[in-house]
Amino acid sequence: MKKSEKIINKIAQDQLEFNAGLELLLEGDYNFKELFATLYNYIFNSIPNKTDYNSEAYQTAINTIPLKSTYTPIVILKTFPPKIAFQKLALLPMEENKKTITALLWIFKITDTERRDTECKNGCGHYWHEIE
């Protein structure tokens, strides 16, 4: 597991405070495309409804992202279905990258918590849920 993947999963599992973990992910010359791809994959795998990827946990997540609701990534996430929204997020200008990563990290934190509390409650075998 890559360092960024460990950080993401520690944040999702409340082993690392959200803002502190976000700073670690965004420090220095972080790779937006790599982080975006990882979070995209993690989010879509953590959402239980695979037909439209629009679960209650996903809706809760996008409505509680700790950024201004008028920021472009938030508006996109609230306006479009998940798959279309993520396509649009990937095409935003570089100035929106940190806001996009913040939003996606928050979404994963919420959706993965829901999955751990339901589907994975009695053990799941997901190696990322066994982070130390």
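Description of the structure in this document. Just so we're clear, the structure is a prediction, and the values are computed from it rather than from any experiment.

Parameters and conventions
- Residues numbered from 1 in each chain as written.
- Predicted model: local features only at pLDDT ≥ 70, side-chain atom pairs only at ≥ 80, totals over all residues.
- Heavy atoms only, no water.
- Helix = DSSP H or I, 4+ residues; strand = E, 2+ residues; numbered from the N terminus.
- Buried < 20%, exposed > 50% of the residue type's maximum accessible area, 1.4 Å probe, protein only.
- Contact = heavy atoms within 4.5 Å.
- Core = buried A, V, L, I, M, F, W, Y, C linked by side-chain atoms within 4.5 Å.
- Patch = residues over 30% accessible without salt bridge, like charges linked within 9 Å, V, L, I, M, F, W, Y side chains within 5 Å.
- Areas by Shrake-Rupley, 256 points an atom, 1.4 Å probe, with all protein chains shown as cover.
- Salt bridge = Lys/Arg side-chain N within 4 Å of Asp/Glu carboxyl O.
- Lys, Arg positive; Asp, Glu negative; His and termini not counted.
- Charge placed at Lys NZ, Arg CZ, Asp CG, Glu CD.
- Expected span 1.5 Å × (residues − 1).
- Polar contact = N/O pair within 3.5 Å; in protein donor to acceptor, adjacent residues only side chain to side chain.

1. Observations regarding the side chain of threonine 111
With respect to the secondary-structure elements, threonine 111 resides in helix α7 (residues 97–117). Residue class for threonine 111 comes out buried when judged on its relative accessible area of 1%. Sequence-distant contacts of threonine 111, defined by excluding residues within four places in its chain, comprise Ser46, Ile47, Ala57 and Tyr58.

2. Quick notes on the nonpolar core
Judged by nonpolar contacts, the single largest core of 35 residues is most densely connected at Leu77, Phe86 and Ile107. When contributions to this core are tallied by element, the ones reaching two or more residues are α1 (3–12), α2 (18–26), α3 (32–46), α4 (56–64), α5 (72–79), α6 (82–90) and α7.

3. Regarding a negative patch on the surface
A contiguous patch of negative charge, built from Glu56, Glu114, Asp117 and Glu119, is present on the exposed surface. Along the chain, glutamate 114 turns up in helix α7. A relative accessible area of 37% means that glutamate 114 is categorised as partly exposed.

4. Quick word on α3
With 15 residues, α3 extends 21 Å from end C-alpha to end C-alpha; this agrees with the ideal 21 Å at 1.5 Å per step. Along α3, the residues classified as buried are Phe32, Leu35, Phe36, Thr38, Leu39, Tyr42, Ile43, Phe44 and Ser46. Its buried side turned inward, α3 meets α1, α2, α6 and α7. For α3, the capping residue at the N-terminal end is asparagine 31, with a side-chain oxygen 3.2 Å from the backbone nitrogen of lysine 33.

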